[in-house]
Amino acid sequence: MQPYSPELAMISARREFGEHGGVAPSISRSATFTVIDPRTLPEIFQGAKGPDKGGCFLYSRHFNPTVSVLGRYLAAMEGTEAAMCTASGMSAIACVLLQLCRKGDHIVASDTIYGGTHALMADLMPRFGIETTFVDITSPQKIEEAVRENTRVIYTESIGNPTLKIADIPALAALCRKNGLQLVVDNTFAPMVLSPARLGADVVVYSMTKFINGASDLIAGAVCGRSDFIRDLMDLHQGMIMLLGPTMDPRVAFDIIQRLPHLPLRMREHSRRAMAMAKALEEMRVDVIYPGLASHPQHQLLRTMINKRYGFGGIIALDCGTLEKAEQLLDVLQNREKFGLIAVSLGYFDTLMSCSGTSTSSEIPAEEQRQIGLSPGLVRLAIGYTGTLEARLEQLRRAVASVLQA
Ligand code: PLP
């Protein structure tokens, strides 16, 4: 397969200029849109004249010009026919799963996913008659065994939150094709680094709250996939985004449009620094997980899937053994060394740090956390790029030496 460059694909998308020749696009904030000819409105409702057909805009929960521009850029970046933006990553995930599954259907999901997504599948969706079996996504045998007659979807994160397990996307795609299933991949941890649709995923979802926006100042999500699937999500009678209504605000779309061009640069720097820090931690013989290290169990697999030049992502997991040690380390890293901030989320320019077991994975029961290798002492470091790398390495080394090696 030809090496894929999401960066080149993105700039090949038709560029949107603002009114009066602005280099930045205009923000189209109207909730509703007028037409000259009254006969146009019914035509839009019948789907004959939507903005996707060179026609008119109607109402901003349906389609909005500024939000559509961002969707077009994202589709180009992912190499999908279309993309739709949503108000959050969770709404993107929930709408996709509810669109693909009906009452009585079944999902096979990775056991290592964001706690909110786990809760959606384990606790909420059974209320609508949709069951999920969680499996080790690195075990082809366990995945095959979990597939049932009523299975519709295999769901995984490309790089799993928080233990950084890597999904073999081409192998999962082949399994899905064999069994008539849809492969849905959450690529929140690895924009640019991985292009799941190019590797065979049917649908790619994002929390754009993280790396894609990169400023931790808004909540946003996206769904990238085939045009017919995106159309289904927007269907007037059964479309989950259309009818549940988690619409993106055009001002949010504008902000992300302005930051998307430097996503490749940011990802390179997140990855470069994460790699240097992971190596430093490995040299100190602490228990570090980073997919760029040869010691990571799926490092070779990841090498076969990545887009060159963006590294292996900006997230490191560091197992401190106990929650007490982990909290001590966070305290020193933030309050003594000023290395980063104790906060959930990721993809910010400053380093964000949290104990996953008691925060973003707390929805996963303790016994399941143990089974998936999520130790109570696991600290997730979402590496930023402020300050010099040398100074940050010194801060990290000093903190780790004082807390974990004293
Ligand atoms: N997917 C992953 C991997 C996440 O880490 C998160 C949030 O932390 C989400 C989805 C949910 O995204 P949002 O907070 O934008 O709804």
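Bear in mind the structure is a predicted one, so any value in this text is a computation, not a measurement.

All right, on to the side chain of R273 then. Along the chain, R273 falls in helix α11 (residues 263-283). Discounting chain neighbours no more than four positions away, the residues touching R273 are I383, G384, Y385, T386, G387, T388, L389 and R392.

The next point concerns helix α15 (residues 389-404). The terminal C-alpha atoms of α15, which comprises 16 residues, lie 22 Å apart, in line with the 22 Å expected from a rise of 1.5 Å per residue. Of all the residues in α15, the buried ones are L389, R392, L393, Q395, L396, A399, V400 and V403. One face of α15 carries all of its buried residues, which in axial projection span an arc of 160 degrees. Contacts from the buried residues of α15 go to α11, β9 (315-319) and α13 (323-336).

On the surface, a nonpolar cluster with roughly 250 Å² of combined accessible area is contributed by L41, F45 and L236. With respect to the helices and strands, L236 occurs in the loop between α8 (227-233) and α9 (240-244).

What follows covers the domain arrangement of the protein chain. In terms of domains, the protein chain is made up of domain 1 (6-261) and domain 2 (262-404). When each unit is reduced to the centre of its C-alpha atoms, the spacing between domain 1 and domain 2 is 27 Å. Listed per partner, the contact involves 43 residues of domain 1 and 45 residues of domain 2. Buried surface at the junction of domain 1 and domain 2, summed over both partners, amounts to about 3,500 Å²; 65% is from carbon and sulfur atoms. For the interface between domain 1 and domain 2, the tally reads 1 salt bridge. Counting every contact that joins domain 1 to domain 2 gives 17 residue pairs in polar contact (both at pLDDT 80 or more). Of all the secondary structure elements, the ones that give two or more residues to the side of domain 1 that touches domain 2 are α1 (6-11), α5 (115-124), α7 (169-179) and α10 (250-259). Among the elements that make up the side of domain 1 that touches domain 2, the one with the highest residue count is α5 (4 residues).

Our next topic: the pattern of salt bridges. Across all of its chains, the model carries 17 salt bridges by this definition. Put simply, D111 and K165 hold a salt bridge, and the shortest N to O gap is 3.0 Å. Of the two residues, D111 sits in the loop between β2 (106-110) and α5 while K165 sits in the loop between β4 (151-157) and α7, which places them 54 residues apart along the sequence. Taken individually, D111 and K165 each receive the classification buried, so the pair is uniform in this respect. Residue E144 pairs with K178 through a salt bridge whose shortest N-O separation is 3.5 Å.

Right, let's talk about the site of the ligand for a bit. Around the ligand, 13 residues are found, and the nearest of them are M90, D186, S207, T209 and K210. A distance of 3.2 Å separates an oxygen atom of the ligand from a polar atom in the side chain of N161. Summarising the interface, the protein chains cover 91% of the accessible area of the ligand, which totals 400 Å² for the free molecule. Ranked by the residues each element gives to the shell around the ligand, the list is headed by helix α4 (residues 89-100), at 3 residues.

Now for a negative patch on the surface. Judged by side-chain charge, E81, D228, D232 and D235 come together as a negatively charged surface patch. By secondary structure assignment, the location of D228 is in helix α8.

To continue, consider unusual backbone geometry. Note the cis peptide between N161 and P162, where omega equals 5 degrees. As for its position among the elements, P162 is in the loop between β4 and α7. Of note, H20 is a non-glycine position whose phi angle comes to about 60 degrees, a positive value. Of note, K338 is a non-glycine position whose phi angle comes to about 55 degrees, a positive value. Among the secondary structure elements, K338 is positioned in the loop between α13 and β10 (341-342).

Our focus in this paragraph is the packing of helix α3 (residues 65-78) against α10. Close contact between α3 and α10 brings their axes to 8 Å; oriented N to C, the two are set at 35 degrees. Both α3 and α10 take part in a crossing whose hand is left-handed. Each of T66, V67, V69, L70 and Y73 in α3 lies in contact with α10, whose residues at this interface are P250, A253, F254, I256 and I257. Taken together, the residues of the contact of α3 with α10 sort by class into 9 nonpolar, 1 polar and no charged.

Here we take up the packing of aromatic side chains. Throughout the structure, instances matching the rule amount to 2 aromatic pairs. Judged by centre distance (5.7 Å) and plane angle (40 degrees), the ring pair of F33 and F57 falls under tilted. Taken together, the residues F33 in the loop between α1 and α2 (40-45) and F57 in the loop between α2 and α3 connect sequence positions 24 residues apart. When its relative accessible area of 22% is taken as the criterion, F57 is described as partly exposed. Judged by centre distance (4.2 Å) and plane angle (35 degrees), the ring pair of Y348 and F349 falls under tilted. With relative accessibility at 18%, the residue Y348 sits in the buried group. Looking at F349, the relative accessible area reads 31%, which means it is partly exposed.

The rules behind each value
- Residues numbered from 1 in each chain as written.
- Predicted model: local features only at pLDDT ≥ 70, side-chain atom pairs only at ≥ 80, totals over all residues.
- Heavy atoms only, no water.
- Helix = DSSP H or I, 4+ residues; strand = E, 2+ residues; numbered from the N terminus.
- Contact = heavy atoms within 4.5 Å.
- Expected span 1.5 Å × (residues − 1).
- Buried < 20%, exposed > 50% of the residue type's maximum accessible area, 1.4 Å probe, protein only.
- Arc of directions from axis to C-beta.
- Patch = residues over 30% accessible without salt bridge, like charges linked within 9 Å, V, L, I, M, F, W, Y side chains within 5 Å.
- Areas by Shrake-Rupley, 256 points an atom, 1.4 Å probe, with all protein chains shown as cover.
- Salt bridge = Lys/Arg side-chain N within 4 Å of Asp/Glu carboxyl O.
- Domains from an automatic or database assignment.
- Buried area = accessible area lost by both parts, 1.4 Å probe.
- Polar contact = N/O pair within 3.5 Å; in protein donor to acceptor, adjacent residues only side chain to side chain.
- Near = heavy atom within 4 Å.
- Lys, Arg positive; Asp, Glu negative; His and termini not counted.
- Charge placed at Lys NZ, Arg CZ, Asp CG, Glu CD.
- Axes fitted to C-alpha atoms, helices over the stretch in contact; angles between N-to-C directions.
- Left-handed = near helix turned anticlockwise from the far one by under 90°.
- Nonpolar A, V, L, I, M, F, W, Y, C, P; charged D, E, K, R; others polar.
- Phe/Tyr/Trp six-rings, centres within 6.5 Å; stacked < 30°, edge-to-face > 60°.

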